[in-house]
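Reading the structure
Now for the letters of each chain:
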Amino acid sequence: MENLVELKNIYKDKKVFLTGHTGFKGSWMLQLLAVLGAEVKGFALETKTTNDLYNLLEGDKLCKSIIGDIRDRNLLIKEILDFEPDFIFHLAAQPLVRLSYEIPAETFEVNAIGTANVLDAVRQLNKKCHTVLITTDKVYHNNEWIYPYRENDRLGGYDPYSASKACTELIIDSYRNSFFNLNEMTDHKKSIAVGRAGNVIGGGDWSEDRLIPDIAKGLIANSPVSIRNPSSVRPWQHVLEPVSAYLVLGACLSKDPVKFSQAYNFGPNEGDSLSVEQMVNLAIKYWGSGDFDFVRNIQQPHEAGLLKLDISKAISELKWSPKLNAGSAVELTMKWYQQFHMNRKNIKDFTMMQVLQFLDA
């Protein structure tokens with residue numbers, strides 16, 4: 001993995017356009033880019049509450065923030081072309097499986113067409129640019145088997161969210177073949193890579209119907225944590241793992257745009273997955289108290305029961321590997337929520353401390 005000095009050499013004073021910068025993952029990404037000395041322009045929806053991580057980090061001081069919807073093609077293209085970025089990281093999305101059952105058409109619009117809008121802007125950009133587009137582990141056709149999925153496995157999607165991200169990958173392939181063909185790199189100077197990661201945990205996530213936010217809200221309120229699908233197994237990873245991996249992928253693109261213009265899985269090491277019930281028990285352990293109960297609802301929408309990623313390609317080609325195991329990721333996450341609960345005024349400095357400790361690990 002690129003070390004901190006190498007990443008600073010690549011990103012310092014570079015123009016980075018970041019979509020979804022006000023979201024959970026985007027806010028952590030923004031903090032990382034600030035540490036690296038990049039000049040960032042963000043494009044995303046407004047935050048919903050004062051507790052959103054972006055607000056806690058005083059994100060407006062870390063970037064030039066543009067409030068907009070990635071479905072607004074004209075505005076998005078204008079902001080990208082005006083900025084003339086060296087790098088683009090596309091994180092903006094409708095990221096929730098259960099919500100996608102309520103707003104399926106909007107999920108497809110945001111995730112698939114929104115990505116097409118980003119790529120349309122890249123197509124019109126008259127300069128060299130490296131673009132990393134973020135999808136999900138759920139792009140794979142899930143057979144519910146024990147084997148981890150590799151980048152060349154069949155894509156698919158049961159629920160609207162997963163299907164929207166699989167559609168996104170088809171769009172990316174089409175643009176890469178049609179407008180950013182690797183054989184014509186010297187002409188268009190555009191490199192396009194995909195990062196696939198999922199089940200990210202970390203401080204500052206307040207999303208509805210997500211396990212860690214539900215746990216944190218319950219523990220802060222001193223009430224039992226209600227969980228569903230206790231036997232579901234996921235490759236849990238701390239948010240700093242994938243967002244730093246995206247930066248490594250972008251750095252590799254800048255060194256060899258032809259070689260690295262492809263898709264990469266990012267996740268924990270093999271055998272490091274935990275069930276939902278194990279996750280909850282660990283969270284309560286690190287919090288120091290708490291209890292949970294099961295929500296049994298036969299009407300709840302389908303969610304994948306078992307899904308693992310093979311990260312050997314990223315380890316081999318990008319020289320990237322995860323720094324934290326699942327237990328450490330849970331511990332780091334619960335420490336953040338405890339700090340927020342006890343001393344919210346100090347949470348900005350505490351978040352920066354976690355970032356620096358992770359980078360130095």
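Residues numbered from 1 in each chain as written. Predicted model: local features only at pLDDT ≥ 70, side-chain atom pairs only at ≥ 80, totals over all residues. Heavy atoms only, no water.

1. Here we look at the pattern of salt bridges
Applying the stated criterion to the full structure yields 15 salt bridges. Close ionic contact of Arg196 with Glu169 constitutes a salt bridge, the shortest N to O distance being 2.7 Å. Here Arg196 is found in strand S6 (residues 190-196), whereas its partner Glu169 is found in helix H7 (residues 160-178), with 27 residues between them in sequence. Residue Arg196 shares its accessibility class with Glu169, and that shared class is buried. Two residues, Lys335 and Glu331, come together in a salt bridge whose shortest N-O distance is 3.6 Å. Of this pair, Lys335 and Glu331 are both found in helix H13 (residues 326-342), four residues apart, which corresponds to roughly one turn of the helix. Three or more residues joined by partner-sharing salt bridges are found here, namely Glu58, Lys61 and Lys348. (Salt bridge = Lys/Arg side-chain N within 4 Å of Asp/Glu carboxyl O. Helix = DSSP H or I, 4+ residues; strand = E, 2+ residues; numbered from the N terminus. Buried < 20%, exposed > 50% of the residue type's maximum accessible area, 1.4 Å probe, protein only.)

2. Things to note about the packing of aromatic side chains
For the coordinates displayed, the defined rule picks out 15 aromatic pairs. Arranged with centres 4.7 Å apart and planes meeting at 45°, the rings of Tyr11 and Phe87 form a pair that is tilted. Here Tyr11 is found in helix H1 (residues 4-11), whereas its partner Phe87 is found in strand S4 (residues 87-90), with 76 residues between them in sequence. Comparing Tyr11 with Phe87 shows no difference in burial state: the two are buried. (Phe/Tyr/Trp six-rings, centres within 6.5 Å; stacked < 30°, edge-to-face > 60°.)

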